[in-house]
Amino acid sequence: NTVQVTVLCRQGNDLETDSQHSIYPNPADENLNIALPESIKEGKLMIMDVHGNEVFSQYIHAQNQFQISLIDFATGVYWIGVKSSVNYSTRFIKQ
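Residues numbered from 1 in each chain as written. Predicted model: local features only at pLDDT ≥ 70, side-chain atom pairs only at ≥ 80, totals over all residues. Heavy atoms only, no water.

### Some points on the pairing of strand 8 (residues 65-69)
On a regular strand, one side chain projects to one face of the sheet and the next to the other, so that they alternate. In strand 8, alternate side chains face the same way, and those of Phe66 and Ile68 are buried while those of Gln65, Gln67 and Ser69 on the opposite face are not. Where strand 5 (residues 31-35) and strand 8 come together, five bridges link them in antiparallel fashion. Across the sheet, the residue bridging to Asn33 is Gln67, located in strand 8. (Buried < 20%, exposed > 50% of the residue type's maximum accessible area, 1.4 Å probe, protein only. Helix = DSSP H or I, 4+ residues; strand = E, 2+ residues; numbered from the N terminus. Pairing = 2+ DSSP bridges.)

Pasting the structure below:
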């Protein structure tokens, strides 16, 4: 199953237009697929646990699709954050 996530993006204090980001499957078991808009050319992709601890990070360089192994992640809720010219965050569940 694919879940389409619409995220309100902020740049500085100005609200940007809605952007489409795909994060699937959600909930996820072994792998999580992330598709970012092509407008994000550089930045940092981070995954944080519910306590705000960064458990994964990867720099974005002209790449907008990622598959992340969740094998070593504990079951629970996580936040995905992207820091770039447009910042956003959303959550996913690891089963």
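### Considerations on the side chain of Asn33
Tracing the chain through its elements places Asn33 in strand 5. Here the side chain of Asn33 touches Gln67 through a polar contact of 3.0 Å, side chain to side chain. Excluding anything up to four places from it in sequence, Asn33 contacts Ser22, Ile23, Tyr24, Pro25, Phe66 and Gln67. (Polar contact = N/O pair within 3.5 Å; in protein donor to acceptor, adjacent residues only side chain to side chain. Contact = heavy atoms within 4.5 Å.)

### So, the packing of aromatic side chains
Between two aromatic rings, the relevant description is the distance of the centres plus the angle of the planes. Scanning the entire structure with this criterion turns up two aromatic pairs. Ring geometry for Phe73 versus Tyr78: centroids 5.2 Å apart, planes at 55 degrees, classification tilted. Tyr78 carries the same exposure label as Phe73, and that label is buried. Consider the rings of Tyr78 and Phe92, whose centres lie 5.6 Å apart with planes at 15 degrees: the pair is stacked. One end of the pair, Tyr78, is in strand 9 (residues 76-84); the other, Phe92, is in strand 10 (residues 88-94), and 14 residues separate them in sequence. (Phe/Tyr/Trp six-rings, centres within 6.5 Å; stacked < 30°, edge-to-face > 60°.)

### Details of the pairing of strand 10
Burial along strand 10 is one-sided: the face carrying Tyr88, Thr90, Phe92 and Lys94 is buried and the face carrying Ser89, Arg91 and Ile93 is not. For strand 9 and strand 10, the ladder comprises seven bridges, and the chain directions are antiparallel. Note on strand 10: the bridge partner recorded for Ile80 is Thr90. The turn joining strand 9 and strand 10, which pair antiparallel and follow one another in sequence, is formed by three residues.

### Here's the deal with the confidence of the model for the protein
On average, residues of the protein carry a pLDDT of 81, and 79% of them reach 70 or more. Between the elements of the protein, mean pLDDT differs from a low of 30, seen in strand 3 (residues 14-15), to a high of 95, seen in strand 6 (residues 42-49). The low-confidence segment residues 2-18 (pLDDT under 50) makes 38 contacts with residues lying over four places distant or belonging to another chain. (pLDDT = per-residue confidence, 0-100.)

### Here's the deal with the sheet that holds strand 7 (residues 54-61)
One open sheet holds the four strands; their spatial order is 7-6-9-10, and the pairing between them is antiparallel. Each of the sheet's edge strands pairs with one partner strand only, and the pair in question is strand 7 and strand 10. For this sheet, the mean angle separating the axes of adjacent strands, direction not counted, is 20 degrees. Bridge analysis of strand 6 against strand 9 gives seven bridges, and the strand direction is antiparallel. When the bridges of strand 9 are listed, Met48 appears paired with Trp79. (Axes fitted to C-alpha atoms, helices over the stretch in contact; angles between N-to-C directions.)

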